[in-house]
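The chain contents come next:
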Amino acid sequence: MQKRLTVRQPSTRLGEPHVRANGTRSEDTDGERIGRLGATACRPYSKAERTLLRRATAAAVNLTERTARPDGLAEAERLINDAHAEAVESFLVANGLQRGEVAVVGFPGQTLLHRPERLLTVQIGDGRALAARLGIPVVYDFRAADVAAGGQGAPLAPVFHGALVQQLNRASPLAILNIGGVANITYIDGEQLIACDTGPGNALLDDFLRVQTGKPLDIDGRVAASGAVDEKLIARLLAHPFFAAPPPKSLDRNEFRGFVGDTLDGIGVADGAATLTALTAAAAARIVPHLPRAPASWIVGGGGACNPTLMRMLAERLAPAQVESAHAVGWSIDSLEAQAFAYLAVRSLRGLPLTFPGTTGAPRPLTGGVLAKP
């Protein structure tokens, strides 16, 4: 029995505080169907590690070459490799696995810069070094082929979502909304897949609270729940051309920060948190007119699904559609994307497409990923 294994962060486009691991048995996925999802695990980043990743993200803003590693990026890449190697090693021990029992590790790394309009996407994480340390084959660099062909390079999970929902008894069409640092949607109606970023996820709220209070996030949405939403500010922010564009589309997390800019200057902490939380929900709702039909139901994963205030706001703005968390349908809120990359690693090994015209704007269905052998 062999396992497919992936280790990754909750969102590959920001420095969040965990590396997640997932194992999927070979008889449970062939890169097309999904039988059963495997065990998961988490390796938290320390405060110092999170600080290093934030510095690396800021330093990457002016990169023009995806392999360049100036200004501390090399140090951050070593951190990413070490953290992911530790996550794999701990996962193997915890699940009683030998390295030879693992067929492949899916390793998307950490995205520091995403500029598909410039045919540029930068991920740190050395797949060859990770394979050599682990003694296990590694599939990495999942986005580059799509971006080089003119696609958005994101989101990558839609084909996994399409396979997952085959197990559900849900009315079509339905939408899966992943809320990490950036929020993205997969629209599924039979065989039809449409995907894109919808707007900011948790990143703007987390950044705001870190600056204002020193806290890394709004636990259980309590701060936002105590504030009032500035609907005029929401309307002004949603006037940005990104929200009027149809899918497929994507943006770097710092692009959202850029057009929010100083609009929150002078706003109270609670009202600011409430407004940024509402912006995430309102941005998701803005995608509905661009879809062939309004989704009958929405399934929400990622860190945002753990925020009751955000879930309430989504339910209000997406009504009359049903809105439920990934947990409610038997999926993992936190590890859904880690499981996606286990699945994508298998598809890459088989030469199956990872991206499609409707999900990234690729000119045709494209495979992706680079295989590194130990």
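The structure under discussion appears in the preceding block.
Residues numbered from 1 in each chain as written. Predicted model: local features only at pLDDT ≥ 70, side-chain atom pairs only at ≥ 80, totals over all residues. Heavy atoms only, no water.

Asker: Explain the environment of Pro248 to me, and be specific about the residues and the numbers.
Answerer: Positionally, Pro248 belongs in the loop between helix H9 (241-244) and helix H10 (253-260). Note on Pro248: relative accessible area 27%, which makes it partly exposed. Considering only alpha carbons, one finds Pro248 and Gly151, 97 residues apart in sequence, at a separation of 8.7 Å. Excluding its chain neighbours within four sequence positions, the residues that come into contact with Pro248 are Gln152, Ala195, Cys196, Pro357, Gly358, Thr359, Thr360 and Gly361. (Helix = DSSP H or I, 4+ residues; strand = E, 2+ residues; numbered from the N terminus. Buried < 20%, exposed > 50% of the residue type's maximum accessible area, 1.4 Å probe, protein only. Contact = heavy atoms within 4.5 Å.)

Asker: With reference to specific residues and values, describe helix H6 (residues 203-213).
Answerer: Along H6, the positions that sit buried rather than exposed are Ala203, Leu204, Leu205, Asp206, Asp207, Phe208 and Leu209. Buried residues belonging to H6 abut strand S10 (192-200), helix H7 (222-225), H10 and helix H11 (269-286). Where H6 terminates, the next one or two residues include Gly214, which has phi positive at roughly 85°.

Asker: Give me the lowdown on the packing of helix H2 (residues 73-94) against helix H3 (residues 127-134), citing residues and values where you can.
Answerer: Taken N-terminus to C-terminus, the directions of H2 and H3 make an angle of 35°; their axes are 10 Å apart at the nearest point. At the point where H2 passes H3, the crossing takes the right-handed sense. Judged by residue contacts, Asn81, Asp82, His84, Ala85, Glu86, Val88 and Glu89 of H2 engage Ala129, Leu130, Arg133 and Leu134 from H3. Taken together, the residues of the contact of H2 with H3 break down into 5 nonpolar, 2 polar and 4 charged. (Axes fitted to C-alpha atoms, helices over the stretch in contact; angles between N-to-C directions. Left-handed = near helix turned anticlockwise from the far one by under 90°. Nonpolar A, V, L, I, M, F, W, Y, C, P; charged D, E, K, R; others polar.)

Asker: Account for the state of the cysteines, with residues named and values stated.
Answerer: Scanning all chains against the criterion turns up 0 disulfides. Between Cys42, a free cysteine, and Cys306, which holds the nearest cysteine sulfur, the sulfur-to-sulfur gap is 12 Å. Exposure remark for Cys42: the relative accessible area of 37% places this residue in the partly exposed category. (Disulfide = S-S within 2.5 Å.)

Asker: Give a detailed account of the side chain of Asp207, specifying residues and quantitative values.
Answerer: For Asp207, the position within the fold is in helix H6. Contacts of Asp207, omitting those with residues within four sequence positions, involve Arg253 and Arg257.

Asker: Break down the nonpolar core for me, with residues and values.
Answerer: Grouped together as the largest cluster of nonpolar side chains are 75 residues, with contacts concentrated most on Leu177, Trp298, Leu314 and Trp331. At 10 residues, H11 tops the list of elements feeding residues into this core. Residues contacting Trp298, with those up to four places away along its chain left out, are Ala175, Leu177, Ile185, Ala284, Ile287, Val288, Leu318, Ala321, Gln322, Val323 and Glu324. Of all hydrophobic cores here, the second largest spans 31 residues; its members include Ala83, Val102, Leu134 and Ile136. (Core = buried A, V, L, I, M, F, W, Y, C linked by side-chain atoms within 4.5 Å.)

Asker: I'd like a rundown of the environment of Arg36, residues and numbers included.
Answerer: Along the polypeptide, Arg36 turns up in the loop between strand S2 (18-25) and strand S3 (40-44). Under the relative-accessibility criterion, Arg36 is labelled partly exposed at 41%. Along the chain, Arg36 and Leu164 lie 128 residues apart, while their C-alpha atoms are 9.8 Å from each other.

Asker: So what's going on with the sheet that holds S10? Which residues, and what values?
Answerer: Strand order in the open sheet made by the 5 strands is S10-S9-S8-S11-S12, with mixed pairing throughout. The open sheet has two free edges, formed respectively by S10 and strand S12 (322-325), since each of these has just one partner strand. Between one strand axis and the next, the sheet turns by 20° as a mean value, whatever way the strands run. As defined by bridge partners, strand S8 (residues 174-179) adjoins strand S9 (residues 182-189) across 6 bridges and the pair is classed as antiparallel. From the neighbouring strand, Ala175 faces S9, where its bridge partner is Tyr187. (Pairing = 2+ DSSP bridges.)

Asker: Tell me about the pattern of salt bridges, and please be specific about residues and values.
Answerer: Enumeration according to the criterion identifies 17 salt bridges in this entry. Glu77 is paired through a salt bridge with Arg69; the nearest N and O atoms lie 3.3 Å apart. On the accessibility criterion, Glu77 (15% relative accessible area) is buried. Salt-bridge contacts for Asp207 lead to Arg210; the nearest nitrogen and oxygen are separated by 3.2 Å. On the criterion of helical spacing, the pair formed by Asp207 and Arg210 is a turn pair, its members being 3 residues apart in helix H6. Judged by relative accessible area, Arg210 falls into the partly exposed class, the value being 28%. The network of salt bridges with common partners includes Asp82, Glu89, Arg99 and Arg133. (Salt bridge = Lys/Arg side-chain N within 4 Å of Asp/Glu carboxyl O.)

Keep in mind these values describe shape, not function.
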